[in-house]
Amino acid sequence: REVLDLVNEGEVDLGLVPSPVRSDPFDFVRLFTYERVVITARVHPLLDEPLTSLGQIARWPLIMRGRETHTRALLEEEFQRRGLRYDIRVELDSMDMIKRYVALGMGVSVGPRLAIEPKDMDELGVLSLANLLPVDQGGIVTRRDKNLSTAAQTFIAETKDTLSVATTGG
């Protein structure tokens, strides 16, 4: 919401958001699939069973980003909707720090698959949540009625090209 407010008020030319905006003053350029995953230590009991419910995650201490993040808000809303008790043990601003704490066995986390790099797989286990949480389409939001600067247009085009190559392996 904060990003949309900044774009709407003209404080910034564009914003990166984890889901499409279907609202009158905005245009949305899809850039990537935003799938959420459970992140565990490399050896963890969650990795030994099929992940079929959020209750399996709620049993473990959680290491999460701040309350204002879309994934955390979505996860907490789903926990509450299902009447699940959960414990957020640590709140951090950085996915890199979250991955470090998780690798040390201090808890599990839920975050975007995009945050997982190939080198992380040496220390982390990763399970898709596509069957339990929505898979969004992340992208750039702009004001429909605002002419973008050449720099903003170039940024959008280069970001699309870069992410297209990264996701197709080309």
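For the structure itself, look to the data block above.
S.K.: Would you mind going over the sheet that holds strand E8 (residues 136-143) with me for this structure?
M.R.: Either a parallel or an antiparallel arrangement is found when strands of a sheet pair, and the pairing is made through backbone hydrogen bonds. In space, the 3 strands of this open sheet follow the order E1-E8-E2, with antiparallel pairing throughout. With one partner strand each, in any of the chains shown, strand E1 (14-17) and strand E2 (26-34) form the two edges of the open sheet. For this sheet, the mean inter-axis angle between neighbouring strands, taken without regard to orientation, is 20°. When E2 meets E8, the two strands line up antiparallel, connected through 8 bridges.

S.K.: Would you mind going over the nonpolar core with me for this structure?
M.R.: Soluble globular proteins tend to bury their nonpolar side chains together. Val38, Leu51, Leu54, Ile57, Val110 and Leu129 are the most contacted members of the largest nonpolar core, which totals 17 residues. Counting only elements with at least two residues in this core, the list comes to helix H2 (55-58), strand E4 (62-64) and helix H3 (70-81). At 3 residues, the largest contribution of residues to this core is made by H3. Beyond its immediate chain neighbours, meaning those up to four positions away, Val38 contacts Leu46, Leu51, Ile57, Ser109, Val110, Gly125, Val126, Leu127 and Leu129. In terms of nonpolar packing, the next biggest core, distinct from the first, is built from 12 residues, Ile63, Val90, Met95 and Ala115 among them.

S.K.: Looking at this structure, I do not really get the sheet that holds strand E3 (residues 36-41). What am I missing?
M.R.: If you walk across this open sheet you meet the 3 strands as E6-E3-E7, and the pairing is antiparallel. The outermost strands of the open sheet, each flanked by one partner alone, are strand E6 (109-112) and strand E7 (124-128). Adjacent strand axes in the sheet meet at a mean angle of 35° when their direction is disregarded. Pairing of E3 with E7 involves 5 bridges; the strand directions are antiparallel. What sits directly across from Val38, in E7, is Leu127. Against the sheet, helix H4 (residues 95-103) makes contact with E3, E6 and E7, and its axis sits at roughly 45° relative to E3, the strand it touches most.

S.K.: Looking at this structure, I do not really get the packing of aromatic side chains. What am I missing?
M.R.: In this description, an aromatic ring pair is defined by two values, namely the gap between the centres and the angle between the planes. Taken as a whole, this structure holds 2 aromatic pairs when the rule is applied. Ring centres of Phe32 and Tyr34 lie 6.3 Å apart, and the angle between their planes is 40°; on these two criteria the pair is classed as tilted. Taking the relative accessible area as the measure of exposure, Phe32 reaches 9% and is therefore buried. A relative accessible area of 15% places Tyr34 in the buried class. Judged by centre distance (4.9 Å) and plane angle (40°), the rings of Phe79 and Tyr86 are tilted. Residue Phe79 is classed as buried on the basis of its relative accessible area of 0%.

S.K.: Mind showing me how you'd approach the pairing of strand E5 (residues 88-91) here?
M.R.: Side chains on a regular strand alternate between the two faces of the sheet. Relative to E5, E4 runs parallel, the two being bridged by 3 bridges. Note on E5: the bridge partner recorded for Ile63 is Val90. Each parallel crossover has a hand, and the one from E4 via H3 to E5 is right-handed.

S.K.: What exactly am I supposed to notice about H4 here?
M.R.: Note that an α-helix has 3.6 residues per turn; residues three or four places apart therefore point the same way. Along H4, the positions that sit buried rather than exposed are Met95, Ile98, Lys99 and Val102. In a view along the axis of H4, the buried residues occupy a sector of 100°, so they form one face of it. Those residues of H4 that are buried are in contact with E3, E4, E6 and E7. Measuring from the side-chain oxygen of the N-cap residue of H4 to the backbone nitrogen of Asp96 gives 3.1 Å; that N-cap residue is Ser94.

Conventions and cut-offs
- Here, residues in each chain are numbered from 1, in the same order as that chain's written sequence.
- This being a predicted model, a pLDDT of at least 70 is required before a residue's local features are given, and a value of 80 or more before pairs of side-chain atoms are given or counted; all residues contribute to the totals for chains, interfaces and linings.
- Water and hydrogen atoms play no part in the side-chain values, which are based on all heavy atoms of the structure.
- Each pair of strands is called paired provided DSSP finds at least two bridges between the two strands.
- Think of it this way: any DSSP run of H or I at least four residues long counts as a helix, any run of E at least two long counts as a strand, and we number them from the N terminus.
- Geometry is summarised by axes, namely lines fitted to C-alpha atoms with helices restricted to the contacting stretch, and by angles between N-to-C directions that run from 0 to 180 degrees.
- Put simply, buried Ala, Val, Leu, Ile, Met, Phe, Trp, Tyr and Cys residues joined by side-chain atoms within 4.5 Å make one nonpolar core.
- Burial status follows relative accessibility: with a 1.4 Å probe on protein chains alone, a residue under 20% of its type maximum counts as buried, one over 50% as exposed, and anything between as partly exposed.
- Contacts between residues were defined by any pair of non-hydrogen atoms, one from each residue, lying within 4.5 Å.
- Stacked, tilted and edge-to-face pairs are distinguished by plane angle, under 30 degrees for stacked and over 60 for edge-to-face with tilted covering the rest, among Phe, Tyr and Trp rings (Trp via its six-membered ring) whose centres lie within 6.5 Å.
- Orienting the strands away from the viewer, one traces the path from the first strand over the helix to the second; a clockwise path indicates a right-handed crossover.
- To obtain the arc, one takes the directions from the helix axis to the C-beta atoms.
- Polar contacts, as counted here, are pairs of nitrogen or oxygen atoms within 3.5 Å of one another; within protein the pair requires one atom able to donate a hydrogen and one able to accept it, and residues that are adjacent in sequence qualify only if both atoms are side-chain atoms.

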